[in-house]
Amino acid sequence: MPTQQFWDEILPELADKLDQVSQTIATNTYIGETKRQLRKIIDDARSETLILFIGNRETGKSTIINGLVGREVIARNRGEFATANTFIRYGDKEQVTAYFYDDVEETFALDRLPLLTSSESYTSKLLQSHIDYINVYLHEPMLKQMTLIDTLSLQEEEGTAFLSPALLNRVDEIFWVLRPDKAIDAEELRVIEHLREREVRPYCIINEIADQQQNAAFVTMVKEQYGHLFDEVIYVAALEIESYLTTKDLVHWEASRFDSLVAKLEQFARDKEARTRRILLRFIEWLERFEIETSLLPKREPLCTAVEELTHYESNVMLTTAQHQQSIAAIATHEAAYAHAAGAFDGVNTLYQLLQALEDATYLTDEVVIEFTMKAEAYLQTVGAYRKAHLAYEQHAQQVTTNLNAMSQEQREALLADEAATIHQDIAYAHELFDKMMVSYTAIAEAEQHVTSRWDAVEQRLQDNHTKELSYHLKTATHLIQTRQKELAALKLSVIKMDEFTCLIEAQGMLRDVVWRYIKNTELPLSTKEKAYTDELIQNISRVDLSGNGILTRSGAVNVVNQRVEDATFATRYPVVTLQLEENGLKSADIPPLPKKVTV
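This one's a predicted model, so the numbers in the text were calculated from it and none came from an experiment.

A. A look at the overall build of the protein chain. On a plain count of helices and strands, the protein chain comes out with 24 helices and nine strands. Rg of the C-alpha trace for the protein chain: 50 Å, well past the compact-globule value of 25 Å for 600 residues, more than 25% over. For the protein chain, the C-alpha atoms occupy an extent of roughly 170 × 55 × 40 Å along the three principal directions. The buried share of the protein chain, reckoned over its 600 residues, is 44%.

Put into structure tokens, the structure is as follows:
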């Protein structure tokens, strides 16, 4: 026979096992509500007995809770009512934590509780409309044994009573609070009837008023008409407890008849076996939900698409790899071409250097540039012809001059007087060379004019062609890189989607190897049939293939998506050298000046 110590320890142990599952599935974003439900089961298993107080407005629920904790915590003015379910829990630090519908939680000082639950200000109403529930932490010894829950009124402004099934699943015991001067309406009865359909029988608290005759008539009516809806009636006097909270006079405490209510609550708190069974049954219901959810996941987005995309990648991995290598090679080719084009005009300071650059960079040429090139080459040839003629004349003229200077005056006069002397032929030949040189010299000016007059248009063409070449290689490489990045991004998205379900695969094993092993080998308040059903649910969950037959590992996609794709940062790595050739640079700087004509 399990001892009280055994039951005191069993729920924390069970909570620890379930917590391993909860932490494992925490990263999955597709089973949000399922995660929250398991988290609530764990929180409730770790907390003390959950006592729920229900009833219509102004029947005394909040006053009863204040009386149980020994001070006024939930303070409301007449006409104010709760806007969120409020859990009164034990805590070393007294504070309030509000849990919002978007899974955000915020902590406030204890004196801010009215702002969150009952204040009528605009700011309060705006805040209250987003609150799911509230935890109030009090440093009160009684709350070490139980958590008290003050619910929304069963009579809402819209006239429709409602009690959350999720909240009903969480609580251990329910107290239905009635007051003789407050009528029991149809909507309230509908909720209590609904509890009976769920095989839940609340305890009834009758909050007596000063009129004893009215109290007696009301008790008789409740027992006759509604006795089948609850287990037991407990009588209290909230007016007396209010006086006790103000005066701390034990006479008012005794008159409030709270002793019987406290005794009943302490009885519930000691019954850990019943609590353990309720938690286990809630966990089995959670397993039913999780089984349905996991069985549907492989057929739904995003898992089915991720498996399809990774399967397609695996079947085409060789082709994809080859295409990737081709893309890398093409990017490298465009990078090299960009680097070459960026320095195409490096060191171009003369017309000759420009022509050499154009010969090595055909992408700079077009019909205008080609025509200019022809004129430029003709100009340089003309300059070359002049230099050659100049050299020939200079050499011959120097020889004639040297020969004449070597003679005396008499010898030169005699030689010149002799018409048959060779000196006359030498001088005539010198004059012939001079005339040829002059023809070339004159042609230079005309050829130079052809070059300089076209330069502005040609320079613009060269700059445009240069920009086009650079832009072509940069854009093409960028397109290839972006295409690769998109492919990897799509593949990475599939990997991320699959990876998100890895936690559920781990949870499958944890349910089987940790949770079920514990339930199977521990003496828990479950029947043999219930244990077998739990085993069946966990086995069904474990058999669901959430890995696409291991497609994430088989495809090798994880290694691929981690590859680094270079950005097309050519512009920063290869500074562009622009054309800086001025018009003066087009003209040959070393054209020899015209020499003097040889004369005697």
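B. Local environment of the sheet that holds strand β5 (residues 131–138). Strands sit in the order β4-β3-β5-β2-β6-β1-β7-β8-β9 across an open sheet of nine strands; the sheet is mixed. The open sheet has two edge strands with one neighbour each: β4 (105–108) and β9 (233–236). Shown here is a sheet whose adjacent strand axes are inclined to one another by a mean of 25°, direction ignored. In terms of strand pairing, strand β7 (residues 173–178) meets strand β8 (residues 203–207) through four bridges, oriented parallel.

C. Quick look at the packing of aromatic side chains. Under the definition given, this model contains 16 aromatic pairs. Aromatic side chains Phe87 and Tyr133 sit 5.6 Å apart centroid to centroid with 65° between the ring planes, which places their arrangement in the edge-to-face category. With Phe87 in strand β2 (residues 85–90) and Tyr133 in strand β5, this pair connects stretches of sequence that are 46 residues apart. Across this residue pair, the class does not change: Phe87 and Tyr133 are buried. Of the aromatic side chains, those joined through ring pairs into one cluster are Phe53, Phe175, Tyr203 and Phe268.

D. The arrangement of the nonpolar core in detail. In terms of nonpolar packing, the biggest core is built from 52 residues, with Phe283, Trp286, Leu504 and Leu511 touching the most fellow members. Looking at this core element by element, the count peaks at nine residues for helix α19 (residues 502–521). Look past the residues within four positions of Phe283 in its chain and what remains in contact with it is Leu18, Leu38, Ile41, Leu511, Val515 and Ile519. Ile88, Ile131, Ile205 and Phe268 belong to the second largest nonpolar core, which has 40 residues in total.

E. Structural view of the pattern of salt bridges. Summed over all chains, the structure comprises 29 salt bridges. Here Arg282 ties to Asp44 by a salt bridge, and the two come within 2.8 Å at their closest N and O atoms. Taken together, the residues Arg282 in helix α12 (residues 272–296) and Asp44 in helix α2 (residues 32–46) connect sequence positions 238 residues apart. Like Asp44, Arg282 is buried. In this structure, the salt-bridge partner of Asp513 is Arg512, at a minimum N-O distance of 3.3 Å. You can call Asp513 partly exposed: its relative accessible area is 33%.

F. Inspection of the environment of His340 at higher detail. Within the element layout of this structure, His340 appears in helix α14 (residues 317–342). Taking C-alpha positions, His340 is 9.6 Å from Val576, a pair spaced 236 residues apart along the chain. Residues contacting His340, with those up to four places away along its chain left out, are Asp360, Ala361 and Tyr363. Within the structure, the side chain of His340 is placed 3.3 Å from the side chain of Tyr363, a separation counted as a polar contact.

G. Representation of the side chain of Thr49 in the model. Position of Thr49 relative to the elements: it lies in strand β1 (residues 49–54). A residue is classified by how much of its surface remains accessible, and Thr49, at 1% relative accessible area, is buried. Aside from chain neighbours lying at most four places away, what touches Thr49 is Gln145, Met146, Thr147, Asp172, Phe268, Ala269 and Arg275.

H. Spotlight on the pairing of β9. Residues Val233 and Tyr235 of β9 are buried on one face, and the alternating residues Ile234 and Val236, pointing to the opposite face, are buried as well. Between β8 and its parallel partner β9, the chain crosses via helix α8 (residues 212–226), and the hand of that crossover is right-handed.

I. Up close: helix α20 (residues 528–543). For α20, built from 16 residues, the straight-helix expectation of 22 Å at 1.5 Å per residue is met to within 8% by its first-to-last C-alpha distance of 23 Å. Inspection of α20 places Glu530, Lys531, Thr534, Leu537, Ile538, Ile541 and Ser542 among the buried residues, and these make up the whole buried set. Here the buried residues of α20 occupy an arc of 135° about the axis, which is enough to place them on one side. Among the exposed residues of α20, those oriented more than 90 degrees off its buried face are Thr528, Lys529 and Arg543. Buried residues in α20 make contact with α12 and α19.

J. Quick peek at the pairing of strand β3 (residues 95–100). Most of β3 sits inside the fold, with five of its six residues counted as buried. Bridge count for β3 against β5 is six bridges, and the pairing is antiparallel. Considered in β5, the bridge of Thr97 is made with Asn135. Inspection of the sheet shows β3 paired to β4 by four bridges, in the antiparallel sense. Bridge pairing in β4 links Tyr99 to Glu105.

Each value, and the rule that gives it
- Residues numbered from 1 in each chain as written.
- Predicted model: local features only at pLDDT ≥ 70, side-chain atom pairs only at ≥ 80, totals over all residues.
- Heavy atoms only, no water.
- Helix = DSSP H or I, 4+ residues; strand = E, 2+ residues; numbered from the N terminus.
- Rg over C-alpha atoms; globule rule 2.2 N^0.38 Å.
- Buried < 20%, exposed > 50% of the residue type's maximum accessible area, 1.4 Å probe, protein only.
- Pairing = 2+ DSSP bridges.
- Axes fitted to C-alpha atoms, helices over the stretch in contact; angles between N-to-C directions.
- Phe/Tyr/Trp six-rings, centres within 6.5 Å; stacked < 30°, edge-to-face > 60°.
- Core = buried A, V, L, I, M, F, W, Y, C linked by side-chain atoms within 4.5 Å.
- Contact = heavy atoms within 4.5 Å.
- Salt bridge = Lys/Arg side-chain N within 4 Å of Asp/Glu carboxyl O.
- Polar contact = N/O pair within 3.5 Å; in protein donor to acceptor, adjacent residues only side chain to side chain.
- Right-handed = clockwise from strand over helix to strand, strands pointing away.
- Expected span 1.5 Å × (residues − 1).
- Arc of directions from axis to C-beta.

By themselves, these figures tell us nothing about what the structure is for.
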